[in-house]
Amino acid sequence: MTKTILKLRPNDYWKIGEHESWFTDMAKQGLHLKKTGILFTHFEKGQSKNTKYRIDVTTGSLSVEQKNLYQEYGWDYVTSYGKFRVFSSPEERNAPELHTEPGEQSYTLSMLNKQHCWLAVFVSIAMILFFAIMFSMFFLNNTPYRTLVTGQSFQQLILILVELYVLFSTIQAWSSIRSLRRSLLAGNPIDHHADWRKNRWKNNTLSLALIMLSLVSILLPVMSMIKAETTALPLETDLPIIRLAEIEENTNLKRDAGYSSKDGLDRSNQYQFSWSPVAPVQYETEEHGLIADQQWKDGSGSYSPSIHTQYYEVRFPEIISDGLLRDLMKHYIYEEEEKYLLQNIESDVFEYLYVMEDEEEKQIFAAHGNQVWYIRYYGYASTEKLLSLTEKL
């Protein structure tokens, strides 16, 4: 039973001479070409042989008559990739070259050159549209750090790298085929013994990187879904959040239940855990209380304070923390309010601390090291008390 050996397929498929040389050297090592796939080239392990390989470019599929014609000249058809047809011949057969006139061979590349030219144009236009969409996802709401941290676009960043690679490869293929055609027109034959080793490491590295990036782009959403959790907010917790009981300090404070989901979860008193590569720890909590014997000042009903908290532990805090904090402010504060009501507070605990307040609503934006908080409180507790509790987190 023959053994098949797989080797990463070089991504620079248009380098005809290097491929011919590579196949010949593999045959000397007992690895004989069988077929080429999307990612791998298949070799059949056997005895070492001196075999010549030649690659020809043809339009359309290769008919049986054409294969027989090549065989009459001593060349056996092996496999194809794209428009490239690979033929082999044992050295002892002393088969004549498929092309003896470089200028004549250049015409076989004419159609391929036009196709890759149009392909490069099409891919470039498609990439411009793709990058415009990606740009809008990051900057349409003018909050790129928040978009990145919450994991909504990290996968798109990976896709951008992959698409850049596709664009580069497409343009490089067209440029190389055009250069090869011009070289042949100038009377320079293809070097059938071109050195393929110097580019092998680069090609393998790029291929492996592309495979890994593709796998990561698939796994990231799965990881986020597996790690995501939504549950009831316990009365006692060690989460880095402020509790209503700490703020109100009223023994009559009770939990104010809101609407429940199908699974019975109280959406007004819950916490959600999220994960992303940039912020592996993210909490978002809701807590609503009720003091029945106390009224809102406008007479709208019993006093029902609430607090909403977002907490992030980010990677690369030197880059992310300040940007995320400012994006949170852009997201939750109107531009007019930010201009007149947002206060920058000096703090011995936080590198960044901002407060916006009115009589019933206070919002705090704070960052320390790799930790970022957004706190929104509805109630009558003072800003000073909230800040004091925030600094104890």
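Before reading on, note that the structure itself is shown above.
Let us look at the structure shown here. (Residues numbered from 1 in each chain as written. Predicted model: local features only at pLDDT ≥ 70, side-chain atom pairs only at ≥ 80, totals over all residues. Heavy atoms only, no water.)

### A few points about the overall build of the protein
Check the secondary structure of the protein and you find eleven helices and 16 strands. Projected onto the principal axes, the alpha-carbon positions of the protein cover approximately 105 × 50 × 40 Å. Considering the protein as a whole, with its 393 residues, one finds that 42% of them fall into the buried category. In the protein, of all internal contacts separated by at least 6 residues, the share reaching a separation of at least 24 is 62%. Element-wise, carbon and sulfur atoms account for 55% of the exposed surface of the protein, whose accessible area totals about 21800 Å². Side chains of the protein carry 39 positive and 49 negative charges; the gap between the two charge centres is 15 Å. (Helix = DSSP H or I, 4+ residues; strand = E, 2+ residues; numbered from the N terminus. Buried < 20%, exposed > 50% of the residue type's maximum accessible area, 1.4 Å probe, protein only. Contact = heavy atoms within 4.5 Å. Areas by Shrake-Rupley, 256 points an atom, 1.4 Å probe, with all protein chains shown as cover. Lys, Arg positive; Asp, Glu negative; His and termini not counted. Charge placed at Lys NZ, Arg CZ, Asp CG, Glu CD.)

### Comments concerning the sheet that holds strand E4 (residues 51-57)
The strand order across the open sheet built from three strands is E4-E6-E5, with neighbouring strands paired in antiparallel fashion. Both edges of this open sheet fall to E4 and strand E5 (76-81), since each of them pairs with a single strand only. In this sheet, neighbouring strand axes are inclined to one another by 25° on average, regardless of whether the strands run parallel or antiparallel. Helix H1 (residues 16-28) contacts E4, E5 and strand E6 (84-90) of the sheet and is inclined by roughly 150° relative to E4. (Pairing = 2+ DSSP bridges. Axes fitted to C-alpha atoms, helices over the stretch in contact; angles between N-to-C directions.)

### Comments concerning unusual backbone geometry
One non-glycine residue, Glu249, adopts positive backbone phi at about 50°. Checked against the element boundaries, Glu249 lands in the loop between helix H8 (244-248) and strand E8 (254-255). The backbone of Phe316 sits at a positive phi, close to 55°, despite the residue not being glycine. Classification of Phe316 by relative accessible area gives exposed; the value is 53%.

### Structural notes on the environment of Gly17
Counting through the fold element by element, Gly17 comes out in helix H1. Through-space distance from the C-alpha of Gly17 to that of His193 is 6.5 Å; in sequence the pair is 176 residues apart. The residues touching Gly17, leaving out its near neighbours within four places in the chain, are Ile190, Asp191, His192 and Ala194.

### Things to note about the sheet that holds strand E2 (residues 31-36)
Spatial strand order, E1-E3-E2: three strands in an open sheet with antiparallel pairing. Edge positions in the sheet fall to strand E1 (3-8) and E2, since each of these pairs with one other strand and no more. The mean angle between the axes of side-by-side strands here comes to 35°, regardless of whether they run parallel or antiparallel. Summarising the sheet, E1 and strand E3 (residues 40-45) pair through six bridges and their orientation is antiparallel. Bridge pairing in E3 places Lys7 opposite Thr41.

### Description of the pattern of salt bridges
Per the counting criterion, the structure on display carries six salt bridges. Between Arg54 and Glu97 there is a salt bridge; the shortest N-O distance is 2.8 Å. Remark: Glu97 occurs in the loop between E6 and helix H3 (102-106) and Arg54 occurs in strand E4; sequence separation between them is 43 residues. Residue classification places Glu97 among the partly exposed positions, given a relative accessible area of 32%. Glu249 is the salt-bridge partner of Lys385, the closest N and O atoms lying 2.7 Å from each other. Residue Lys385 is located in helix H11 (residues 383-390), and its partner Glu249 is located in the loop between H8 and E8; the two are separated by 136 residues in the primary sequence. With a relative accessible area of 26%, Lys385 lands in the partly exposed category. A relative accessible area of 64% means that Glu249 is categorised as exposed. (Salt bridge = Lys/Arg side-chain N within 4 Å of Asp/Glu carboxyl O.)

### Some details on helix H9 (residues 317-332)
Taking 1.5 Å of rise per residue, the 16 residues of H9 would be expected to cover 22 Å, and the 21 Å separating its terminal C-alpha atoms lies within 8% of that figure. Taken as a whole, H9 has its buried residues at Ile320, Ser321, Gly323, Leu324, Leu325, Asp327, Leu328 and Met329. At its buried positions, H9 is contacted by helix H5 (144-149), strand E12 (306-313), strand E14 (352-357), strand E15 (361-368) and strand E16 (371-378). (Expected span 1.5 Å × (residues − 1).)

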